[in-house]
Each structure stands twice: as structure tokens, then as C-alpha cells.
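Commentary on secondary and tertiary structure
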Amino acid sequence: MNTPTRVLLMALLCTAAVACSKKVKEEAPPATPTTPTTTQPATGTGMYGPEDLDTDACLRQRTVYFDFDQDALRPEFQAAMACHAKYLRDRPSARITLEGHADERGSRDYNLGLGERRGNAVSSALQANGGSAGQQTVTSYGEERPTCTASSEDCWAQNRRVEITYTAR
Amino acid sequence: MTPIQRRLAITMRAWFAACLALLLPFAAAAQQGGLEIDIVGGNAQALPIAVVPMPYQGSGTPPDTDIARVVRDDLSRSGQFRGLPEQDMIERPTRGGEVNYATWRTLRQDFLVVGRVVDAGGGAYRVEYELFDVAKQERLLGIAMTGRANAMRDVAHQMADAIYEKILGVRGAFWTRIAYVTSTGTGENINYALMVADSDGHNPQVVVRSTEPLMSPDWSPDGRRLAYVSFEHNNNSAIYIQDLGTGARERVASFRGINSSPSFSPDGSRLALTLSRSGSPEIYVMDLGSKALTQLTSQIGIDTEPVWAADGRSVYFTSDRGGRPQVYQVPATGGSATRVTFQGTYNASPTVSFDGNRIAVAQGSGNVYRIALLDRSLGTPRWSTLSPGSLDESPSFAPNASMVLYAGREGTRGVLYAVSADGRVRQRLVLADGNVREPAWGPYRAR
């Protein structure tokens, strides 16, 4: 493990610890560290390779969380947008699915629309960072696939999300 | 319901009637317990009716079904009747000749139903019953129905329909079916099922099982087919129409983006639906013969949940074009939409009564979602609240508009409730374990 990577890991751990220590309502769940760097390709060429999807801290961030009834991307996810967009640029054969989800409140069919809006918001952000629209498929599950089933603010915040899935690396 | 629970319900009902004005907002919450039938308000106008147990007088095995109880529960659930508890029946006549009117007048009953079950030959039963007007000492109905043991609940529901119609002049909707979606498990291991059951939740049957979400069942007007949404194709929403008799099904919409909210037109020839293939969810009408699509809306916001007006000439739907979700109406051939709901910040999932006078919606305020009813029959729109919340959704009118079925919560579990359209009587439907949601009340059945 080289020194820059070790420093980066330390920084991540610290960020994660800080993120865990403060309890703020309506905040995204702890699994969303604010990554200090945008891109850190492991290969010497400066280009992402498929293995980076498993090792690169930024690329491993595959879930984007949203505020209640909102589809605006929160600032802390800009770094993730930049690195995933770079990956798509570096690997034109890569394909992703953006799976939009909503919390349980309100109409199920309306939430299907809300999930799609969130998927589109992520897609737009990736495109703004140079990711091609042709590499992305947006789909919405509305509130039908919750990751958390309690009726609480904390749980709702975890369910309002877009999951980035690589269908081709 | 045990006798103790029943007595509790009666005591509380009297108490509520007295304190109605003060306590109505809290009464519903206080009643949420394990009771099968929740009385959520005074029920003074409900007609007292005694449905006397109908014994088996044949020579074989008696049927499992307590026919009188099914009839009594149906009538009570409607909010229009108050069934006399069985233990209060000091006489048990089984035919007209045995009826002592004075007894039932003393018990303050307006109507009386008596009957018996006899053998019909070939293993079938024959249920003979009569309906009496106690005050007039007059027989209103005398009917015999035949069926096998497994059809006795169907027979009982049809009896309740006949009694309801004879007394109220409105067709009963007890002998109908409901569709709904269940889910069990969490995370990656959720199993979904599309179900069909009797209107009281009994006799549940699986229509489709899937590990991908199932949504939005809607009945064809003849009750033979269900349209619904499944995610089994390419991990995206698609609309299917399935024949309940044969199980054969057809995928009618699987465009890019959302394919959701199917709604059969009153004549069954068209399907209103939501597609987001143009970029955002819009309302379309599909001709089911040619599969040709007509786009009804074109807005940047979310337009979804189309449902037909009774005359088939317009479609109600949910739209957030004004900022928050509200109900709008648009001609079925397209054109400009008009807003229908103005009270409340969140109105969605409209269901329309057969006569078009009333629209029930899921009405949200903060974190509380209730079923609300908009009555437009008296000129000025009038709102009433049908459910206590806090996560009530997916209302669906009975075909005679006497009741509304909706999905609510009991703890973290989704359950179904049936509430009388006047909000007086609410019952939790007894269904299997798992989360239950998205009820759709089916049409009248052909006799």
C-alpha cells in the first residue's frame, strides 16, 4: 500500500468517524463519507480500470441520498458524480443503471415518478461531468424496494436514494 | 369478536355518541386496537336488524359457514345497519310461522332475517331465508338459494346484497371481490404477490407471485381480468393484463421509463395509463384493440394515477404541475386539464364513485396521510375525513359507493380497512400475514 493511499484511507476513516459522531435529523445515513478527492485512479495512466470499482473509495460510493420530496442533488455527492462520470468517460463500454427510490409517505404511483426524477437528477449530474447519456439507464422503483422498513425520519432518509449499478464494467 | 369485545364495542359506541362533538378527532385513534370492527363514531341512524342463526336441518354434514354471521357482518360493515348481537336473540325462529313480532319490537329491531339450511341433493345445500319489516309485520323477501359447501359464503354475501337492496333501494356490493398486493421479507429478499379475495377478505387466492415488485391492480369492468404493474421484465415497470380464469396474460406496455397506473375504461375497451417515455410521467389512453396510444397530458411535472369518470368521457389524475400533488381532470380525448382538489397540500390517488358525485383521495398534511372524501353532489364541494391516518393510502370505492377500501398501517405492517362512505364504521379486513396494500374493489358479479 503506497503512502498517498494510506493517507487517503486515514482521511476517510476520520471523516467517517466524524460523520458517525454527529446525529443530525434528515441527514443521510452514515455510509456517505464526503470524499476529499474527486478521482484517484489506481493505475499509472490516470485512467480508471474495472478493478477501481472495487477499490476506489469514490467509485465505491454507489448510493446518492435525497431530502424529503426533493430531487436536487446535495453538494456532498458532487465528488461521487465527478468520479463516476470520469469512469464512464474512461470506459466507454461501461453501462450503469440509476435506480431511483422514494420513502413510504404518500401515493405509491406518485413516488414512482419521484424516484425517476431522482434518477434523472443523478443522470444529469453525471452528464454535466462528461458522462454519456447513452451509458446510463434510469429506472424507478418508487417506494417498492425499501432498505429500511420503520416509519421514522432516519429510515425514510435511507430509502430516499438512487442506487448506481454497473451492468457492464 | 368475543362477547367481551362486542360488549366493549357497544359500550364505547354509546359513549361516543354522547361525546361525539368533543371527541370525534380522537375517537378513531383510541379505537385502534385488536378489535375486528372499529366503531369510530355515533351510529344513531344505522338501522337495527336481527339476523337470526340459520341452523342446518338436513341429514348429512352441516356446512362450515355460519351463514347468518356472514350476513350480519356484511350489513354491519356497511354502516347502514346495526346487527343485533347473537347472544341478545332471546328467540331463534327459522321460518316466518315462528316469528313473534312483539319480541323483536321489544328488542327495538326494525328488520328481522330468519332462515335455515336444508339438503338440496347431490351434496349441495339449500338456504331458505325470509326478511321481515318488524313494525309493519310484513314479509319483504322470501328466497331460496342453492350451493355447495364451498359456496356458502358466496350465498351469504348474495343474501346480504338482496336484503341491503330491498331495504335501502341501493344494490348491495357484498358479493364482490377485491384485489390487493402483499409483500413479505425485506431488503433483497422481498416476495410480492397479487391477490384476489372476497370483499370481506376471506377466500384469498394468489394471482401472481414475484420477487420483483407488483403494483396497482385494476379490475376490468366484467371482473374477468386484472391489469397490474410488474417489474419482472428488464427490471423496469411494465403493465400486464391477466385473465383470472385462464391465467393467460399479456404485456401491454413496457416502454422506456415508467409504465404504471393502469385503469380500465368503463366499457373495458381502453386503458388509461402513465408512461414517462417522453421524459416525465404523462397520462395516456391505450385502445386495447389496436394498442394505439393517445397522450392526454404534456407537462414537465409528474402526471399519474389516471382513473376514469363514470361516463368514460374524462379522466381524473394526480399532478404536481402546481407544485404539490393535486387531483385534476382532463377529457379522455385530450385537452386542457382542470384542477379538482383545492383543500390540503397533498391530494393523490383519486377513486371516483359510480355516479361521479364523490371522489376519495389520499390527503396528506405533514407526515399524516388520511383518506378524505370530496362530495360534489350539493353544489359547493364538501370535504370529510374517512380515516385516522397516519399513513393511509390507496382508496378504492365499492361499486355501489357505500364503502371505501384503503390501505393503512398497524405498527409497521400494512393492513386493509373498509370504511363506510359516511365514515361511521371502519373495519380491518382479516388477511394473512405480511404487508398488504393497494386494494382495488372489483365490480359487481354476474349471478
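Reading the values: rules and limits
- Residues numbered from 1 in each chain as written.
- Chains lettered and ligands numbered in written order.
- Predicted model: local features only at pLDDT ≥ 70, side-chain atom pairs only at ≥ 80, totals over all residues.
- Helix = DSSP H or I, 4+ residues; strand = E, 2+ residues; numbered from the N terminus.
- Buried ≥ 20, exposed ≤ 12 C-beta atoms within 10 Å, placed from the backbone.
- Contact = placed C-beta atoms within 7 Å.
- Domains from an automatic or database assignment.
- Nonpolar A, V, L, I, M, F, W, Y, C, P; charged D, E, K, R; others polar.
- Expected span 1.5 Å × (residues − 1).
- Pairing = 2+ DSSP bridges.
- pLDDT = per-residue confidence, 0-100.
- Axes fitted to C-alpha atoms, helices over the stretch in contact; angles between N-to-C directions.
- Core = buried A, V, L, I, M, F, W, Y, C linked by C-beta atoms within 7 Å.

**Some details on the overall build of chain B**
Counting its secondary structure elements, chain B contains five helices and 30 strands. Across the 447 residues of chain B, 48% fall into the buried class. Here the contacts in chain B between residues at least 6 apart in sequence split such that 45% fall between residues at least 24 apart.

**Quick look at the overall build of chain A**
What chain A contains, in helices and strands, is five helices and four strands. Its helices and strands taken in sequence order, chain A reads α-α-β-α-β-α-β-α-β from the N to the C terminus. The burial tally for chain A puts 46% of its 169 residues in the buried class. Taking the intrachain contacts of chain A between residues at least 6 apart in sequence as the baseline, contacts between residues at least 24 apart amount to 71%.

**A few points about the domain arrangement of chain B**
Residues and elements named next belong to chain B. Considered domain by domain, chain B is made up of domain 1 (46-168) and domain 2 (177-441). Taking only C-alpha atoms into account, the centre of domain 1 sits 35 Å from that of domain 2. Each partner contributes residues to the interface: domain 1 has eight residues there, and domain 2 has 12 residues. In terms of residue count, helix α3 (residues 67-77) provides more of the side of domain 1 that touches domain 2 than any other element does, three residues in total.

**Let's talk about the interface of chain B and chain A**
Counting from both sides, the interface comprises 32 residues of chain B and, opposite them, 19 residues of chain A. Broken down by secondary-structure element, the contributors of at least two residues to the side of chain B that touches chain A are β10 (214-219), β12 (236-243), β14 (259-264), β18 (303-308), β22 (346-352) and β23 (358-365) of chain B. With three residues, β22(B) is the largest single contributor of residues to the side of chain B that touches chain A. For the side of chain B that touches chain A, the residue count by class is 12 nonpolar, 17 polar and three charged.

**So, unusual backbone geometry**
It is generally the case that most residues other than glycine have a negative phi and that most peptide bonds are trans. Residue and element names in this part refer to chain B. For the bond from glycine 389 to serine 390, the omega torsion is 10°, close enough to zero to count as cis. Here serine 390 is to be found in the loop between β25 (382-385) and β26 (393-397). For asparagine 234, which is not glycine, the phi torsion reads 55° and is therefore positive. The residue asparagine 234 is located in the loop between β11 (225-233) and β12 in this model. Since 11 C-beta atoms lie within 10 Å of it, asparagine 234 is described here as exposed. In this structure, glutamate 305 takes a positive phi of about 60° despite not being glycine.

**Thoughts on helix α3 (residues 78-90) of chain A**
Quick reminder: α-helices carry 3.6 residues per turn. Residues three or four places apart thus point the same way. Residues and elements named next belong to chain A. The terminal C-alpha atoms of α3 lie 18 Å apart, and with 13 residues this matches the ideal 18 Å at 1.5 Å per residue to within 8%. Those residues of α3 lying buried are Ala80, Met81, Ala82, Cys83, His84, Ala85, Lys86, Tyr87 and Leu88. Elements in contact with the buried residues of α3: β1 (63-65), α4 (108-128) and β4 (161-168).

**Digging into α4(A)**
Residues and elements named next belong to chain A. The end-to-end C-alpha distance of α4, which contains 21 residues, comes to 30 Å, matching closely the 30 Å that a straight helix rising 1.5 Å per residue would cover. Taking burial as the measure, the 21 residues of α4 include 18 buried ones, the bulk of the element. One or two steps after α4, the chain reaches glycine 130, where phi turns positive at roughly 100°.

**Thoughts on the environment of B:Arg251**
Residues and elements named next belong to chain B. Its location among the elements puts arginine 251 in strand β13 (residues 249-253). With 148 residues separating them along the chain, arginine 251 and threonine 103 place their C-alpha atoms 60 Å apart. Leave out the neighbours within four places in its chain, and arginine 251 touches His233, Ala238 and Tyr240.

**Quick notes on the pairing of strand β28 (residues 413-420) of chain B**
Residues and elements named next belong to chain B. With six of eight residues buried, β28 lies mostly within the body of the structure. Bridge count between strand β27 (residues 403-410) and β28: eight bridges; the pairing is antiparallel. For glutamate 410, the partnering residue across the bridge sits in β28 and is arginine 413. Linking two consecutive strands that pair antiparallel, namely β27 and β28, is a turn of two residues; a positive phi of about 70° is found at glycine 411 within it. Of the pairings in the sheet, the one linking β28 to strand β29 (residues 425-428) comprises three bridges and is antiparallel in character. In the sheet register, tyrosine 417 faces β29, and the bridge partner there is arginine 428. Taking the residues between adjacent antiparallel strands as the criterion, β28 and β29 are bridged by four residues, where glycine 423 takes a positive phi near 75°.

**Here we look at the sheet that holds strand β19 (residues 314-319) of chain B**
Residue and element names in this part refer to chain B. With antiparallel pairing, four strands are arranged side by side in an open sheet as β18-β19-β20-β21. Where the open sheet ends on each side, the last strands, each with one partner, are β18 and β21 (338-339). Bridge count between β19 and strand β20 (residues 326-331): six bridges; the pairing is antiparallel. Pairing of threonine 318 across the sheet is with valine 327, part of β20.

**Quick look at the confidence of the model for chain A**
Should pLDDT be low for a region, the predicted coordinates there are not to be read in detail. All names here are of chain A. Averaged over every residue, the pLDDT of chain A is 82; residues scoring 70 or more account for 73%. Per-element mean pLDDT across chain A ranges from 43 in helix α1 (residues 3-21) up to 98 in β1. Every residue in residues 1-5 scores below 50 in pLDDT, and together they form one contact with partners more than four places removed in sequence or on other chains. In this model, residues 7-39 is a region of pLDDT below 50 whose contacts with residues beyond four sequence positions or in other chains number 40 contacts.

**Topic: the sheet that holds strand β4 (residues 111-121) of chain B**
All names here are of chain B. If you trace the five strands from one edge of the open sheet to the other, you get β3-β2-β4-β5-β6, paired in mixed fashion. The sheet is open, and its two edges are formed by β3 (81-83) and β6 (138-147), each paired on a single side. Along the sheet, successive strands turn relative to each other by an average axial angle of 25°, direction set aside. Here three bridges tie strand β2 (residues 47-51) to β4, and the two strands are oriented parallel to one another. Bridge pairing in β4 places alanine 50 opposite leucine 112. Contacts from helix α5 (residues 152-168) reach β2, β4, β5 (124-133) and β6 within the one sheet, and its direction differs from that of β6 by about 160°.

**Regarding the nonpolar core**
Formed by 115 residues in total, the largest nonpolar core has its most connected members in B:Ile67, B:Val71, B:Val113, B:Val315 and B:Val404. No other element matches the nine residues that α5(B) contributes to this core. The residue makeup of this core includes at least three contributed by each of domain 1 (46-168) and domain 2 (177-441) of chain B. Excluding residues within four positions of it along the chain, B:Ile67 makes contact with B:Met54, B:Val117, B:Val127, B:Met152, B:Val155 and B:Ala156. In terms of nonpolar packing, the next biggest core, distinct from the first, is built from 28 residues, A:Cys58, A:Ile96, A:Trp156 and A:Ile164 among them.

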